[in-house]
2 protein chains.
Amino acid sequence: MYIEHSVMTMTNHLNLKSAAAEKSSHPEYFNIAVSVDCVIFGYEGKELKVLLIKSDFEEFSDLYSLLGDLVKPDEDLDAASYRVLRERTGLDDVFLQQVHTFGAVDRHPSGRVVSTAYYSLVNINSHKLNINTNDLHWHSIKSIKKLAFDHKKILDTCVQMLQEQIMDHPVVHNLLPEKFSLRALQELYEAILGTSLDRRNFRKKIALKNWLSELDELEEGVTHRPGKLHKFKTKPLNLLKGISK
Amino acid sequence: MYIEHSVMTMTNHLNLKSAAAEKSSHPEYFNIAVSVDCVIFGYEGKELKVLLIKSDFEEFSDLYSLLGDLVKPDEDLDAASYRVLRERTGLDDVFLQQVHTFGAVDRHPSGRVVSTAYYSLVNINSHKLNINTNDLHWHSIKSIKKLAFDHKKILDTCVQMLQEQIMDHPVVHNLLPEKFSLRALQELYEAILGTSLDRRNFRKKIALKNWLSELDELEEGVTHRPGKLHKFKTKPLNLLKGISK
DNA sequence: TACGTTTGTGTATATCGAACACAGTGTAAT
DNA sequence: ATTACACTGTGTTCGATATACACAAACGTA
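Computed from a prediction, not measured in an experiment: that's the story for all the values here. (Residues numbered from 1 in each chain as written. Chains lettered and ligands numbered in written order. Predicted model: local features only at pLDDT ≥ 70, side-chain atom pairs only at ≥ 80, totals over all residues. Heavy atoms only, no water.)

A. The overall build of chain A, seen in detail. For chain A, the helix and strand inventory stands at six helices and ten strands. Expressed as a percentage of the 245 residues in chain A, the buried residues total 53%. Taking all contacts inside chain A whose residues are at least 6 apart in sequence as the whole, residues at least 24 apart take part in 67%. Counting only carbon and sulfur atoms, one obtains 47% of the accessible surface of chain A, whose full area is about 11700 Å². (Helix = DSSP H or I, 4+ residues; strand = E, 2+ residues; numbered from the N terminus. Buried < 20%, exposed > 50% of the residue type's maximum accessible area, 1.4 Å probe, protein only. Contact = heavy atoms within 4.5 Å. Areas by Shrake-Rupley, 256 points an atom, 1.4 Å probe, with all protein chains shown as cover.)

Now the structure itself:
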């Protein structure tokens, strides 16, 4: 039931074909595989995006799927999600939030896999971001109608969690450059929430959170009156620290 | 790696001793066991309680643990939590809410077990409730300092989730008899939240939810002015339907 | 210098949570 | 029958917060 991971990290999601073969010869040892799926959000062109990979399962040809992998026997569940993120994006020290565990018997065509979903927010334009295969692509959330496995449901669940958390916690930190205008921040919130927000009320609300400090710099390269730049006072939420209430 | 469940249902939590023995002879097939842990809340004597079993692990002698079991290979994760609840309490059709999945490598002394926590609310005095062993006991939440495994952390997480949900969803339905006074409801909320509440404000708030209907009956057997009885308009939240927003 | 676009700011209104008091009704004891 | 006791049932005020909404100033461009 244990699957060589070095093989898997460069391929798409889980490869249970060999495990399924083992199952028939050693049924008493085959129980349930444990995996993590990472919903890696990015932000670009005023759209919330998610990093997907083309499914290499016949059952799901032409569909995309989330990035996931089996959890290693000597690896914490949280650490597995962090490893997937690192292996896929080269990013370290990024906020990861556990969302829900999906455990329907038939959710994976090759065998029984229980998968815990995490979401993460990364800066698409970060110089540290290193997408290590051509198979990975950013997809606008709005354009996604169908994914492999139950990944659409996982995605929807994570989007909803993200929406619930952005007003209470400065999770969007990683989606923006270090310095940004309030307008940019508002556009980000609008993209995540899928609504438009009143500008004055938004600024008041954000000001009350006390998350930002205003810089003595103006945005540049815009064709209108430039706004003041801001930055987050605190470091981005830390790896796996999660959200404290 | 697959463990006979009929043996387990009457014993305490997981029994991985045999699995651990298998591990050394067939390391390549031993991956990770998947379990569920149920935090079954009850309410009695104005206290929030939880159903616990005495741990039969040497490592945790004299400690109590939550009710859990391994998930069967052909059983949905949610169904496993439902089965544990049914096997332990005889109760059917009860609200269950997934809360979090705990996956630290060292959380179980006998081997690698990833466990998904659920909470549930049951009526301690229900005639349907049938606690099928003498090893199960209700413990006041406030009195619990330490549990086996990481179960104290699981319990705390579930209590917190319950506290967050009771004002938005009529989850406490199952903790009360069919007809109850507003005072009884308030005492229940106070027990769950661990605070005292202003009576007039509480009644206003509950009235706004529109969850209750007032009956033409008064409470009986009290030594003071009796209050009007109320009941929930809707059926209790359903099995595994979860909370919809 | 006029236009287009965005910045930056404040007020009025409705809603919500928190604090708070008093008359009424049933029981139990005398 | 009277009284003590314990709880029911109810409304207002205050501060905080959400929402709706308008206008002058700044910068770039033509």
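B. Quick peek at the packing of helix 5 (residues 182–193) of chain B against helix 6 (residues 199–209) of chain B. All names here are of chain B. It is the contact of helix 5 with helix 6, at a shortest axis distance of 11 Å, that shows an interaxial angle of 100°. By the angle between their axes, helix 5 is roughly perpendicular relative to helix 6. Counting all contacts with helix 5, which are made through Leu182, Leu185, Gln186 and Tyr189, the residues of helix 6 involved are Arg199, Phe202, Arg203 and Ile206. When the residues that make up the contact of helix 5 with helix 6 are grouped by side-chain class, the tally is five nonpolar, one polar and two charged. (Axes fitted to C-alpha atoms, helices over the stretch in contact; angles between N-to-C directions. Parallel < 35°, antiparallel > 145°, perpendicular 65-115°, else oblique. Nonpolar A, V, L, I, M, F, W, Y, C, P; charged D, E, K, R; others polar.)

C. Representation of the UniProt feature "domain: Nudix hydrolase" (unreviewed entry) in chain A. Under the local residue numbering, the UniProt record ascribes the feature "domain: Nudix hydrolase" (unreviewed entry) to residues 34–156 of chain A. The span residues 34–156 of chain A is 15% helix and 37% strand, and its two end C-alpha atoms sit 21 Å from each other. (UniProt positions renumbered as here; feature names shortened; annotations may be inferred.)

D. A look at the environment of Ala104(B). Mapped onto the elements, Ala104(B) comes out in the loop between strand 5 (96–102) and strand 6 (113–121). On the basis of relative accessible area, Ala104(B) is assigned to the partly exposed category, the value being 29%. For the pair Ala104(B) and Arg203(B), spaced 99 residues apart in the sequence, the C-alpha separation amounts to 43 Å. Excluding its chain neighbours within four sequence positions, the residues that come into contact with Ala104(B) are Asp76(A) and Arg112(B).

E. Local environment of the pairing of strand 10 (residues 228–232) of chain A. Residues and elements named next belong to chain A. Where strand 8 (residues 180–181) and strand 10 come together, two bridges link them in antiparallel fashion. Across the sheet, residue Phe180 finds its bridge partner in strand 10, namely His230. Across four bridges, strand 9 (residues 212–218) lies against strand 10 in antiparallel orientation. Residue pairing across strands places Ser213 opposite Lys231, the latter belonging to strand 10. (Pairing = 2+ DSSP bridges.)

F. Focus on the protein's contact with DNA strand D. In the vicinity of DNA strand D, 19 residues are found, and the nearest of them are Arg225(A), Arg183(B), Arg199(B), Arg203(B) and Arg225(B). Close to the protein, within 4 Å, the atoms of DNA strand D are drawn from sugar and phosphate at a rate of 40%. Between DNA strand D and Arg203(B), the relevant distance is 2.4 Å, taken from a phosphate oxygen to a side-chain nitrogen or oxygen of the residue. Elements supplying a minimum of two residues to the surface near DNA strand D: helix 6 (199–209) of chain A together with helix 6 of chain B. A per-class count over the surface near DNA strand D returns two nonpolar, five polar and twelve charged. (Near = heavy atom within 4 Å. Polar contact = N/O pair within 3.5 Å; in protein donor to acceptor, adjacent residues only side chain to side chain.)

G. Structural context of the sheet that holds strand 9 of chain A. With respect to topology, three strands assemble into an open sheet ordered 8-10-9 (chain A), the strand pairing being antiparallel. In this open sheet, the two strands that pair with only one neighbour each are strand 8 and strand 9 of chain A.

H. The arrangement of the UniProt feature "domain: NrtR DNA-binding winged helix" (unreviewed entry) in chain A in detail. According to UniProt, the positions carrying the feature "domain: NrtR DNA-binding winged helix" (unreviewed entry) are residues 174–232 of chain A. When the span residues 174–232 of chain A is considered, its composition is 39% helix and 24% strand, and the gap between its end C-alpha atoms is 10 Å.

I. Spotlight on helix 5 (residues 182–193) of chain A. The terminal C-alpha atoms of helix 5 of chain A, which comprises twelve residues, lie 16 Å apart, in line with the 16 Å expected from a rise of 1.5 Å per residue. Within the sequence span of helix 5 of chain A, burial applies to Leu182(A), Leu185(A), Gln186(A), Glu187(A), Leu188(A), Tyr189(A), Glu190(A) and Ile192(A). (Expected span 1.5 Å × (residues − 1).)

J. Just the nonpolar core, in detail. The biggest cluster of nonpolar side chains holds 48 residues, and the ones touching the most others in it are Ile40(A) and Ile40(B). Setting aside its immediate chain neighbours within four residues, Ile40(A) contacts Lys49(A), Val50(A), Leu51(A), Leu67(A), Leu85(A), Thr89(A), Ser120(A), Val122(A) and Trp138(A). By size, the runner-up hydrophobic cluster in this structure holds 40 residues, among which are Val39(A), Leu48(A), Val50(A) and Ile166(A). (Core = buried A, V, L, I, M, F, W, Y, C linked by side-chain atoms within 4.5 Å.)

K. Seen up close, unusual backbone geometry. We note that Lys46(A) has phi near 60°; this positive angle belongs to a residue other than glycine. Secondary-structure assignment places Lys46(A) in the loop between strand 1 (33–44) and strand 2 (47–54). Overall, the relative accessible area of 54% leaves Lys46(A) in the exposed class. The phi angle at Asp62(B) is positive, at roughly 70°, despite the residue not being glycine. Assignment of secondary structure puts Asp62(B) in the loop between strand 2 (47–54) and strand 3 (64–65).

L. Molecular detail of the pattern of salt bridges. Residue and element names in this part refer to chain A. The final tally for this structure, using the stated rule, is 24 salt bridges over all chains. A salt bridge links Arg83 to Glu87; the nearest nitrogen and oxygen atoms lie 3.5 Å apart. In this pair, Arg83 and Glu87 are both assigned in helix 3 (residues 77–89), four residues apart and thus about one turn of the helix distant. (Salt bridge = Lys/Arg side-chain N within 4 Å of Asp/Glu carboxyl O.)

M. Region of the structure containing the domain arrangement of chain A. All names here are of chain A. What the domain assignment lists for chain A is domain 1 (29–165) and domain 2 (171–232). Put simply, the middle of domain 1 and the middle of domain 2, counted by C-alpha atoms, are 28 Å apart. With 15 residues of domain 1 at the interface, the matching set in domain 2 holds twelve residues. Buried area between domain 1 and domain 2, summed over both chains or domains, comes out near 1200 Å², and the portion from carbon and sulfur atoms is 65%. By the criterion of area lost to domain 2, the three top residues of domain 1 are Tyr43, Leu121 and Gln163, representing 47% of everything that side buries. Applying the counting rule to domain 1 against domain 2 returns one salt bridge. Notably, a salt bridge pairs Glu187 with Lys46, separated by 3.1 Å at the nearest N-O pair. Summed over the shared surface of domain 1 and domain 2, the result is five residue pairs in polar contact (both at pLDDT 80 or more). Listed by contribution, the elements that provide at least two residues to the side of domain 1 that touches domain 2 are strand 1, strand 2, strand 6 (113–121) and helix 4 (151–165). (Domains from an automatic or database assignment. Buried area = accessible area lost by both parts, 1.4 Å probe.)

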